[in-house]
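# Working through the structure, step by step
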Amino acid sequence: MVDLSTSWLGLRVPSPLVVGASPVADDVEALPGYVDAGAGAVVVRSVFEEQIVAEQLAAHRLIDSYVDTDAEARSFLPESEVFSLGPEPALAHLAAVRAAVDVPVLGSLNGVTPGGWTDIARQMADAGADAIELNLYDVVTATDESSAEVEGRQITVVEEVVAAVDVPVAVKLSPFYTALPAFVVRLAAAGAAGVTVFNRFYQPGIDLDTLDVDRHLTLSSPDELPLRLHALALLHGRVDLSLGSTGGVHRGHDAAKAILCGASAVQVASALLVGGAPGLASIRDELVAWLDEGGYRTVDEARGATAFDNVADPHAFERVNYTRLLQGWRPRRDPDALD
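Our subject in this report is the structure included herewith. (Residues numbered from 1 in each chain as written. Predicted model: local features only at pLDDT ≥ 70, side-chain atom pairs only at ≥ 80, totals over all residues. Heavy atoms only, no water.)

### Regarding the nonpolar core
Counting 81 residues, the largest nonpolar core has Tyr34, Met124, Leu134, Leu173, Leu187 and Val195 as the members making the most contacts within it. The greatest single-element share of this core, amounting to 9 residues, is contributed by helix H10 (residues 270-293). Those residues in contact with Leu187 that lie beyond four places of it in its chain are Ile155, Val158, Val171, Leu173, Ala192 and Val195. Formed by 11 residues, the second largest nonpolar core is a distinct cluster that contains Leu9, Val13, Leu106 and Ala265. (Core = buried A, V, L, I, M, F, W, Y, C linked by side-chain atoms within 4.5 Å. Buried < 20%, exposed > 50% of the residue type's maximum accessible area, 1.4 Å probe, protein only. Helix = DSSP H or I, 4+ residues; strand = E, 2+ residues; numbered from the N terminus. Contact = heavy atoms within 4.5 Å.)

What follows is the structure, given as structure tokens:
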């Protein structure tokens with residue numbers, strides 16, 4: 001029997017399959033069923049920087065800004081610290097998830113600017129989080145902000161979160177870095193324990209009738225997986241970090257590909273939103289069957305077998321594959337048109 005247990009972010013997990021940050025983790029009572037179906041860890045939904053900062057500022061405007069406007073103000077206006085300013089419901093939910101399952105639970109933070117909001121990471125750890133996933137969802141809109149400035153700001157955020165907690169921090173990245181390996185090396189130097197590739201960017205459409213943004217979330221598909229596989233293969237064995245994959249995993253064979261490219265954890269969300277715990281069990285069973293057929297006794301034996309650290313010159317290898325792909329393409333012929 002194949003042993004799926006492995007190490008991720010320095011945590012021992014019974015399986016590389018992870019319930020990714022999504023509404024799946026909202027149903028605390030259902031989560032033990034996902035663990036039974038093969039989940040090795042659970043990531044709760046994100047707390048957003050904007051949510052915390054906006055609520056803190058609103059309380060300040062409502063209360064603190066009036067304290068010194070009248071000599072008697074301090075006698076009838078309460079301090080803003082007595083109010084719940086956003087993270088408490090999320091922290092209570094995280095604690096409930098931690099109590100419900102016997103696998104590692106990750107708190108999730110979503111933010112990109114340095115500031116006091118990063119202290120929420122410490123509160124998550126205090127609530128029982130075994131690790132923190134920091135989601136760097138950063139859409140650059142300024143024309144005068146360079147990539148170096150963006151990356152420098154993000155490194156500062158990582159450093160602040162790492163400094164705030166005594167648990168591992170995984171950084172969830174977008175695919176839009178010019179030099180991904182170099183940036184990941186900087187993340188390791190900043191104290192990150194791992195990276196997860198890749199965050200799915202919100203891609204709105206346009207409603208031609210209203211000329212407004214068409215906000216419609218489309219679940220992932222296996223077509224998105226190759227981008228993740230390429231990044232995993234590029235990073236494995238070349239950076240001293242634990243690697244995770246998210247996006248595009250809908251079958252056990254998808255998970256196997258991510259592991260072969262170097263993933264220690266394979267996060268699944270869309271497939272669970274559609275198939276629930278039985279869907280996860282199906283992914284687990286197909287993964288186990290493939291590993292068994294390939295002669296792998298443990299998931300660790302398969303990890304990184306197809307990664308670029310097995311290639312003498314990864315850059316040349318990339319160029320050759322790119323050239324062969326383009327030059328080898330031929331239009332499909334219609335079988336009905338053949339004689």
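### Regarding the packing of aromatic side chains
This model, assessed by the stated rule, comprises 4 aromatic pairs. Note on Tyr137 and Phe201: the rings are 4.7 Å apart at their centroids and 25° apart in plane angle, and the pair reads as stacked. Of this pair, Tyr137 sits in the loop between strand E7 (131-135) and helix H6 (147-164) while Phe201 sits in the loop between strand E9 (194-197) and strand E10 (205-207), and the two are 64 residues apart along the sequence. Judged by its relative accessible area of 25%, Tyr137 falls in the partly exposed class. The class for Phe201 is buried, based on a relative accessible area of 19%. Ring geometry for Tyr177 against Phe183: centres 4.5 Å apart, planes inclined by 15°, an arrangement best described as stacked. For the residue pair Tyr177 and Phe183, the accessibility class agrees, reading buried in each case. (Phe/Tyr/Trp six-rings, centres within 6.5 Å; stacked < 30°, edge-to-face > 60°.)

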